[in-house]
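The lines below spell out each chain.
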Amino acid sequence: MESPGDTISGVINAWNDMIETENESVRERVADLEKKVLEQGDEIVCLRSTLADVLRRLNLVEGARAVSHTPTTPTKNGGPGLLQLRPQQRASPNNHHIGVNNHNGPPKDLRYRPLNEMANSKESIRRVASYTPSSLPQRLATNAKSLFNLHMRTNSQQNHTPMLKHGTRDATYNSEDGSLRMYLRGRPIVLYAPTPIAEGYEITKVATAPHSKLKLDWVYGYRGRDCRSNLYLLPTGEIVYFVAAVVVLYNPEEQSQRHYLGHTDDVKCIAIHPNKLLVASGQTAGHDTREGRPHIRVWNSVNLSTMAVIGIGEFERSISCLSFSKADGGSLLCAVDEANDHNISIWDWQKGDKGHKITETKCSVDTVVAAEFHPLDKSCIVTCGKSHISFWSLDNGGTLYKRNGIFENRDKPKYVTCLAFTQTGDVLSGDSNGSIIVWGRGTNTITRFLRNVHEGSIFSICVLKEGSIITGGGKDGRLIQFDSELQKTGFEAQIAEHVGGVRTISEGRGSQLLVGSTRNCILVGSLPLGFSPAVLGHTDELWALAAHPNLSQFLTAGFDRIVQLWDCMAHSVVWSKDIAEQAQSAAFSPDGSIIIVGCVSGKWLVMDAETRELYSSHTDGSEPIQVVRYSPDGRFLALGSRDNNIYVYQVGEDVRKYSRVGRCAGHSSFITHLDWSKNSEILRSNSGDYELLFWNPSLCRQIPQSSSMRDMEWATHTCVLSFSTVGICPEGADGTDVNACERSHDENLIATGDDFGKLNLYSYPACQPKSLNHTYGGHSSHVTNVTFLHDDSRLISIGGKDTSVLQWSII
């Protein structure tokens, strides 16, 4: 039975709990009210600015009416139209915006769209409900959009190019309060200059490009997942292959690489000239309307000089197959376009610097995977692909004649997947049934049929100089040797399951074979002794990148669920780990002992950087963890999510335990970038709708007076939207073009990666709207992340869908 004292004590405790609960409720309501007041203040400023801009433009339109009575220009749809830019499709998280270009006259890739289509389209920025229940930001965005559309209608009726303040072109500077105002998609962005800069700042000055430059040092990766016949040995001992927009010449014995960088987008195929000196490489259609058009480049593998640029404007989609003629010494070049009709064309590539097209014809309605000149018959070409193999003859008049292979009553495969030629001139084909078919020289009929050689497709057949034949299975990963009479020799090999199936086989030095795998690896070895990896790569979209704080190592991870630690000096993988989760972001702890990996599912993992042991797994929300960042003192960890929130954790003494401090809620779009102050007391963040916010992370409260942060020193600089990075935005940028930026540790340089496959190097700070820079190609997809190594000796950049990792020396 309880005593009276216990009863009274229980009542007092209950009373205290009730008071504490009520106090907490009051604090939350007050915080909500403060937040709403701040939001309303910002919204009023934004609305005033938008209305003033609309009134100014309406006045301009009224003035134009008095001067000109130009009739309405009909659109392709038959009525008044609205000019709207249709941007390149991107896999970036910032790909939800439609930009409008304000150059004089419409750009080449503008399209007319009817007004009703614009009215019915969804809002371009995906807005997820944030912590506060207020819907004012959404209403304001809708109102501003409606006003913008009203103005656009008026402009359209007057046949004027629509004008929208965009990027840094219309940036203005207020010397009284030291603020710079710019616009992104019509939204005013106010940035405050640091005190030492504010007084003498002149917005019209041009910032010079840095003295430092970048030189491509090493390329990690290989494109074997979807390309064929793309691995060859040159007489120099170099292996030639490609990834992204780079053709790599790699000498495994000397551990050296050279790079052909003439292409502007994905290289899809290569062919080696019979003299073993020249290389032809074909690319897909790219970002740039002219330079990015699909074409072929013939170049010298010794000095890397371009001999001819063939077919600009002639190809529609991508060059998928290339072959030099062999019986006549390589005077002709055969190409297949990956367009709907899969056109095959023959070129006299030596005629001028652009070549001369001899003939072109429709190859097949179905996919074509290989096209090869016959090594002995100069006028014969063989192509194959889905449900077909075709034998072509080129007559003296330049006309191509086709005969399809006759399968008779035999098992016709769904795909004929590869071609090769015996030393006597017979054609060998491998197919999706795992069978080898021999086609007699000069005929389109079968002379021999070897069933079920492999389990699943045969992706490659290699005829060695001594006459024996090696086949490679794309599914079973086996390599099988036959003699010249197609009798098995008994030599076989199995490549490791984690490197994938066999994509292509090529003869190496001596008895060595080169094997490209379907999981983007290159193996070197022989059937008796086995194979070891010479090149490793990722197989799916790459987003996560982190440099080790005190070693020449860096980490990459992506949608292939593989985390890899690389050594930039040894040019090799230190370790790989399958985490069974698609990775979006990563970070090292300040001492380099712990790795945090943010995942697409909302999970984040704590791993040991040396042993790759997984210590713990946590979940915050159900959307991707876009960015993770330790505070400089290592006491806190911040995680920016696609659900618009920043989650803050306190780090335990052993760096393995994490306790949640709270959630920073206030952004109206997904978090894109985070930076800690040098004293570890302040956090700043960018979001998908061009916000720059500041936070007290220990309280998870927003700091409303952004001007008070103007002199804060930041440990890192990855936020693309700040006063110090005004110059990294192209003049017409819509806020989504720059995916990543990072400042060097000596604070002299800042590097950015953009949606056009370019890496850009600026002097830091890049606070002038007109900041000159050095630009570098190599990636073919959007550049998703960049980072400097700990000693600023090198820069690492990663591509998105091109799966490449490029290492640059800073010179």
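See the structure above.
Quick caveat, the model's predicted, so the values are computed rather than measured.

Lay out a nonpolar patch on the surface in plain terms, naming residues and giving numbers.
Taken together, the side chains of Trp-15, Met-18 and Ile-19 define a hydrophobic patch exposed on the protein surface, amounting to about 310 Å² of accessible area. Tracing the chain through its elements places Trp-15 in helix α1 (residues 4-67).

Could you give me a rundown of the nonpolar core, with the residues and numbers involved?
Judged by nonpolar contacts, the single largest core of 40 residues is most densely connected at Leu-214, Tyr-241, Phe-554 and Trp-808. With 5 residues, strand β7 (residues 214-220) is the single largest residue contributor to this core. With 21 residues, the next largest nonpolar core counts Ala-171, Leu-191, Ile-682 and Phe-694 among its residues.

An account of unusual backbone geometry is requested, with residue identities and associated values reported.
Most peptide bonds are trans, and most residues other than glycine sit at a negative phi. Here the amide bond leading from Tyr-764 into Pro-765 is cis, since omega sits at 0°, within 30 degrees of zero. Inspection of the secondary structure puts Pro-765 in the loop between β54 (759-763) and β55 (770-771). Unusually for a residue other than glycine, Leu-486 sits at a positive phi of about 65°. Among the secondary structure elements, Leu-486 is positioned in the loop between β30 (478-482) and β31 (488-494). For Asn-644, which is not glycine, the phi torsion reads 85° and is therefore positive. As for its position among the elements, Asn-644 is in the loop between β45 (636-641) and β46 (646-651).

Give a description of the pairing of strand β41 (residues 594-599) that names residues and reports values.
On a regular strand, one side chain projects to one face of the sheet and the next to the other, so that they alternate. Most of β41 is tucked away, with 6 of its 6 residues classed as buried. Because side chains alternate across β41, one face comprises the buried residues Ile-594, Ile-596 and Gly-598, and the other comprises Ile-595, Val-597 and Cys-599, equally buried. The hairpin formed by strand β40 (residues 583-588) and β41 contains 5 residues between the paired strands, and Gly-592 there has a positive phi angle of roughly 80°. Bridging between β41 and strand β42 (residues 603-608) involves 5 bridges; their strand directions are antiparallel. Each bridged residue has a counterpart across the sheet, and for Val-597 the counterpart in β42 is Leu-605. Taking the residues between adjacent antiparallel strands as the criterion, β41 and β42 are bridged by 3 residues, where Gly-602 takes a positive phi near 100°.

An account of the sheet that holds strand β26 (residues 436-439) is needed here, citing residue identities and associated values.
Strand order in the open sheet made by the 4 strands is β24-β25-β26-β27, with antiparallel pairing throughout. In this open sheet, the two edge strands, each paired with only one partner strand, are β24 (416-421) and β27 (446-450). Taking the axes of each pair of neighbouring strands and ignoring which way they run, one obtains an average angle of 20° across the sheet. As defined by bridge partners, strand β25 (residues 427-431) adjoins β26 across 4 bridges and the pair is classed as antiparallel. Within β26, the position partnered with Leu-428 by the bridge is Val-438.

I'd like a description of the environment of Asn-644, backed by residues and values.
The class for Asn-644 is buried, based on a relative accessible area of 0%. Considered as a pair, Asn-644 and Cys-664 are 20 residues apart in the sequence and their alpha carbons are 9.0 Å apart.

I'd like a rundown of the side chain of Thr-672, residues and numbers included.
Looking at where Thr-672 falls in the secondary structure, it is placed in strand β48 (residues 671-676). Residue Thr-672 is classed as buried on the basis of its relative accessible area, which comes to 13%. At a separation of 2.9 Å, a polar atom in the side chain of Thr-672 contacts the side chain of His-673.

So, the pairing of strand β32 (residues 502-507): which residues are in play, and what are the values?
Burial analysis of β32 places 5 of its 6 residues in the buried class, the great majority of the element. As defined by bridge partners, β32 adjoins strand β33 (residues 513-517) across 5 bridges and the pair is classed as antiparallel. Along β33, the bridge assignment pairs Val-502 with Ser-517. Counted between consecutive antiparallel strands, the loop separating β32 from β33 contains 5 residues, among which Gly-510 sits at a positive phi close to 60°.

Procedures and definitions
Residues numbered from 1 in each chain as written. Predicted model: local features only at pLDDT ≥ 70, side-chain atom pairs only at ≥ 80, totals over all residues. Heavy atoms only, no water. Patch = residues over 30% accessible without salt bridge, like charges linked within 9 Å, V, L, I, M, F, W, Y side chains within 5 Å. Areas by Shrake-Rupley, 256 points an atom, 1.4 Å probe, with all protein chains shown as cover. Salt bridge = Lys/Arg side-chain N within 4 Å of Asp/Glu carboxyl O. Helix = DSSP H or I, 4+ residues; strand = E, 2+ residues; numbered from the N terminus. Core = buried A, V, L, I, M, F, W, Y, C linked by side-chain atoms within 4.5 Å. Buried < 20%, exposed > 50% of the residue type's maximum accessible area, 1.4 Å probe, protein only. Pairing = 2+ DSSP bridges. Axes fitted to C-alpha atoms, helices over the stretch in contact; angles between N-to-C directions. Polar contact = N/O pair within 3.5 Å; in protein donor to acceptor, adjacent residues only side chain to side chain.

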